[in-house]
Amino acid sequence: MSLPLRHPVNDAGLGLTGQRARDRLIQRLASDGGIADRRVLDTLRTVPRHLFVDEAIASRAYENVALPIGNGQTISQPLIVARMTELVLEHPAPNKVLEIGTGSGYQAAVLAALVPQVYTVERLEPLLRRARRLFRQLGIGNIRSRHDDGRLGWPDQAPFDVVVVTAAAMTIEPAWLEQLAEGGMLISPVGQAGGAQRLRRIRKLDGEAAEEDLGGVSFVPILPGVG
Ligand code: SAH
């Protein structure tokens with residue numbers, strides 16, 4: 001008789017990265033987190049978050065916490081990813097979405113399951129390389145990524161239906177608003193790292209920008225330049 005092989009990548013049943021752990025997280029996002037959009041919950045159930053963090057902490061991937069991904073950065077808390085994704089899907093036709101701050105690639109992978117075209121920009125090359133490798137491994141073909149200062153957006157690919165910023169900005173960059181399509185929306189945390197940050201949504205309607213406050217959040221900061 002041969003011993004069963006441990007295969008964390010295909011851990012579909014028991015175990016801390018298995019289906020039960022994922023189902024528990026999804027239940028919590030719905031009951032305590034107030035996430036109501038079925039499409040978002042189903043996507044978070046399927047995208048393997050444990051592959052987007054270091055193997056050493058993979059067992060914590062289905063806890064509702066932010067986790068380190070190296071280079072002083074973090075993968076956002078599942079509830080925040082769910083919330084940002086719900087907001088993106090409030091756009092009536094989010095065909096082309098730009099994410100600032102690829103990080104682990106997890107938020108981009110979640111978006112890629114729900115919208116046709118995802119563009120993502122990251123300033124730290126090692127993180128971007130890892131994220132790209134994962135997109136390939138997972139067979140995700142609708143993400144285009146770029147190593148650049150995301151404060152500039154991605155001018156060559158504009159306009160975007162939604163721009164979603166996954167690091168806290170001190171101010172909203174003019175480029176992000178300029179690169180929005182008519183009817184488009186920008187979702188961005190604004191405020192100091194470690195301080196009071198607010199999640200803001202700005203819609204571009206008839207050339208005018210309308211801004212809403214969506215509550216307090218906590219993100220790592222937008223930093224200048226590339227690394
Ligand atoms: N969306 C990510 C969250 C990553 S944390 C995920 O799902 O894992 C925020 C990321 O924004 C970090 O990787 C950080 O390096 C990146 N970042 C910070 N300033 C940036 C900038 N000016 N341009 C592009 N990326 C930036």
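Residues numbered from 1 in each chain as written. Predicted model: local features only at pLDDT ≥ 70, side-chain atom pairs only at ≥ 80, totals over all residues. Heavy atoms only, no water.

(A) Up close: a positive patch on the surface. Judged by side-chain charge, Arg 129, Arg 132, Arg 133 and Arg 136 come together as a positively charged surface patch. By relative accessible area, which is 30% here, Arg 132 ends up partly exposed. (Patch = residues over 30% accessible without salt bridge, like charges linked within 9 Å, V, L, I, M, F, W, Y side chains within 5 Å. Areas by Shrake-Rupley, 256 points an atom, 1.4 Å probe, with all protein chains shown as cover. Salt bridge = Lys/Arg side-chain N within 4 Å of Asp/Glu carboxyl O. Lys, Arg positive; Asp, Glu negative; His and termini not counted. Charge placed at Lys NZ, Arg CZ, Asp CG, Glu CD. Buried < 20%, exposed > 50% of the residue type's maximum accessible area, 1.4 Å probe, protein only.)

(B) Broad picture of the site of the ligand. Not every one of the 26 residues close to the ligand is listed here, only the nearest: Glu 99, Ser 104, Glu 122, Gly 150 and Leu 223. Between an oxygen atom of the ligand and a side-chain N or O atom of Ser 104, the distance comes to 2.7 Å. When contributions to the shell around the ligand are tallied by element, the ones reaching two or more residues are β2 (73–75), α4 (106–112) and β4 (117–122). Here the shell around the ligand gets three residues from one element, more than from any other, and that element is β2. (Near = heavy atom within 4 Å. Polar contact = N/O pair within 3.5 Å; in protein donor to acceptor, adjacent residues only side chain to side chain. Helix = DSSP H or I, 4+ residues; strand = E, 2+ residues; numbered from the N terminus.)

(C) Quick peek at the pairing of strand β6 (residues 160–165). Counting buried residues along β6, six of its six residues qualify, which places the element largely inside the surrounding structure. In the sheet, strand β3 (residues 96–100) pairs with β6 via four bridges, with the strands oriented parallel. What sits directly across from Glu 99, in β6, is Val 164. Summarising the sheet, β6 and strand β7 (residues 180–191) pair through four bridges and their orientation is parallel. Bridge pairing in β7 places Phe 160 opposite Leu 180. (Pairing = 2+ DSSP bridges.)

(D) Summary view of the packing of aromatic side chains. If you walk through the whole model with that rule in mind, you get three aromatic pairs. Between Phe 52 and Tyr 106, the ring centres sit 5.6 Å apart and the planes meet at 65 degrees, which makes this aromatic pair edge-to-face. One end of the pair, Phe 52, is in the loop between α2 (38–46) and β1 (67–70); the other, Tyr 106, is in helix α4, and 54 residues separate them in sequence. Their ring planes at 90 degrees and their centres at 5.2 Å tell us that Tyr 119 and Trp 154 sit as a pair that is edge-to-face. Of this pair, Tyr 119 sits in strand β4 while Trp 154 is found in the loop between β5 (143–147) and β6, placing the two residues 35 residues apart along the sequence. Here Tyr 119 and Trp 154 have matching classes, each one buried. Here the aromatic residues Tyr 119, Trp 154 and Phe 160 are joined through ring pairs into a cluster of three or more. (Phe/Tyr/Trp six-rings, centres within 6.5 Å; stacked < 30°, edge-to-face > 60°.)

(E) A look at helix α5 (residues 125–137). Relative to the 18 Å expected for 13 residues at 1.5 Å per residue, α5 spans 18 Å between its end C-alpha atoms, a close match to the ideal helical length. Taken together, the buried residues of α5 touch β1, β2, α4, β4 and β5. (Expected span 1.5 Å × (residues − 1). Contact = heavy atoms within 4.5 Å.)

(F) Inspection of the pairing of strand β9 (residues 208–217) at higher detail. Inspection of the sheet shows strand β8 (residues 197–205) paired to β9 by eight bridges, in the antiparallel sense. Across the sheet, residue Lys 204 finds its bridge partner in β9, namely Ala 209.

(G) Examining the nonpolar core more closely. Counting residues in each nonpolar core, the largest one holds 46 residues, and the members touching the most others are Leu 29, Leu 44, Phe 52, Val 88, Tyr 106 and Ile 187. Looking at this core, the elements that each hand over two or more residues are α1 (19–31), α2, β1, α3 (78–88), α4, α5, β6 and β7. Those residues in contact with Phe 52 that sit more than four places away from it in its chain are Val 47, Ile 69, Ile 75, Ser 104, Gly 105, Tyr 106, Ala 109, Leu 134, Phe 135 and Leu 138. Tyr 119, Val 121, Ala 169 and Leu 180 belong to the second largest nonpolar core, which has 13 residues in total. (Core = buried A, V, L, I, M, F, W, Y, C linked by side-chain atoms within 4.5 Å.)

(H) A look at the environment of Val 81. Checked against the element boundaries, Val 81 lands in helix α3. Note on Val 81: relative accessible area 1%, which makes it buried. Each C-alpha atom of the pair Val 81 and Val 110 lies 8.2 Å from the other, and the pair is 29 residues apart in sequence. Other than its neighbours up to four places away in sequence, Val 81 contacts Ser 76, Tyr 106, Gln 107 and Val 110.

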